[in-house]
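Spelled out from the first residue to the last, the chains are:
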Amino acid sequence: KGIYSIEKFIIARRLMYCQVYLHKTVITAEKLLNSIVSRAKTLAMAGEELFAPPALARFLKRKYAQKDLLDDQSLLEDYALIDDHDLHAAIKVWANHSDQVLSQLCDNLVNRHLFRIEIQKLPFTAEYIEEVRFRTRRLCKVSDEDVDYFVISGITRNNAYDPVIGNIMVLSRAGALTDIAQASDHLNISVLSHPVEKFFLCYPKKVAEPNLEKSRKT
């Protein structure tokens, strides 16, 4: 009877990734937040004084390797102190920073002007990405170096069941262990074990226009 519970768990996990964890709004908000933290860290490491709670400021001003975390317990303690409230407070202040890139990114997040996102099964062409980057540089008034904060491409992967990372074994009454992909007779879990990959491209909404969308080649 445990097999049916596992089947429901795997299906629920697949649906949660498709409809919640990898929802387009979640992806755009995450990528915008990543750009903000990356820009803030670049400025802080260059000597710019940024408002931030002490724990957050510590990680903005220096790059730490895994060895540093293992050798210095206080790093882990400070990392654990950082939460949504710290980031939200800092981002609200950074929205008025003199750095145009940081202030623009923060203002977008504070006022929920998230990136536009395109998702498709095939990679975006280099020509299309360069066209988006060109329009972003012109409309957002950013340099070639800073456009990477506003135009972000990548891949999302949804793997409901991956026996390589951690398989689920079913113990029969006879004492035999069988992988759930073989034990299940009502659900083709072996199909669900194949990762679903989709390509995405994020950029500011004001960059989009009908002609741009028509030029996309799939």
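Before going further, it helps to spend a moment on unusual backbone geometry. The phi angle at Arg112 is positive, at roughly 55°, despite the residue not being glycine. Along the polypeptide, Arg112 turns up in the loop between helix H7 (100–110) and strand S1 (116–120). Positive phi is not limited to glycine here, since Lys141 has a value of about 55°. Take Lys141: it is sitting in the loop between helix H8 (126–139) and strand S2 (152–158). Lys141 sits in the exposed class, given a relative accessible area of 61%.

Turning next to the state of the cysteines. What the rule picks out here adds up to 0 disulfides. There is no disulfide at Cys106, and the cysteine sulfur nearest it, in Cys140, is 15 Å away. Classification of Cys106 by relative accessible area gives buried; the value is 0%. Residue Cys140 stays outside any disulfide, its sulfur separated by 14 Å from that of Cys202, the closest cysteine. Take Cys140: its relative accessible area is 4%, and that puts it in the buried class.

The next point concerns the packing of aromatic side chains. Under the criterion given, the structure shown has 4 aromatic pairs. Where Tyr17 meets Tyr21, the ring centres are 4.9 Å apart and the plane angle is 75°; that geometry is what we call edge-to-face. Here the residue Tyr17 and the residue Tyr21 both occupy positions in helix H1 (residues 2–21), the gap between them amounting to 4 residues, near one helical turn. Since its relative accessible area comes to 26%, Tyr17 is described here as partly exposed.

Calculation rules
- Residues numbered from 1 in each chain as written.
- Predicted model: local features only at pLDDT ≥ 70, side-chain atom pairs only at ≥ 80, totals over all residues.
- Heavy atoms only, no water.
- Helix = DSSP H or I, 4+ residues; strand = E, 2+ residues; numbered from the N terminus.
- Buried < 20%, exposed > 50% of the residue type's maximum accessible area, 1.4 Å probe, protein only.
- Disulfide = S-S within 2.5 Å.
- Phe/Tyr/Trp six-rings, centres within 6.5 Å; stacked < 30°, edge-to-face > 60°.

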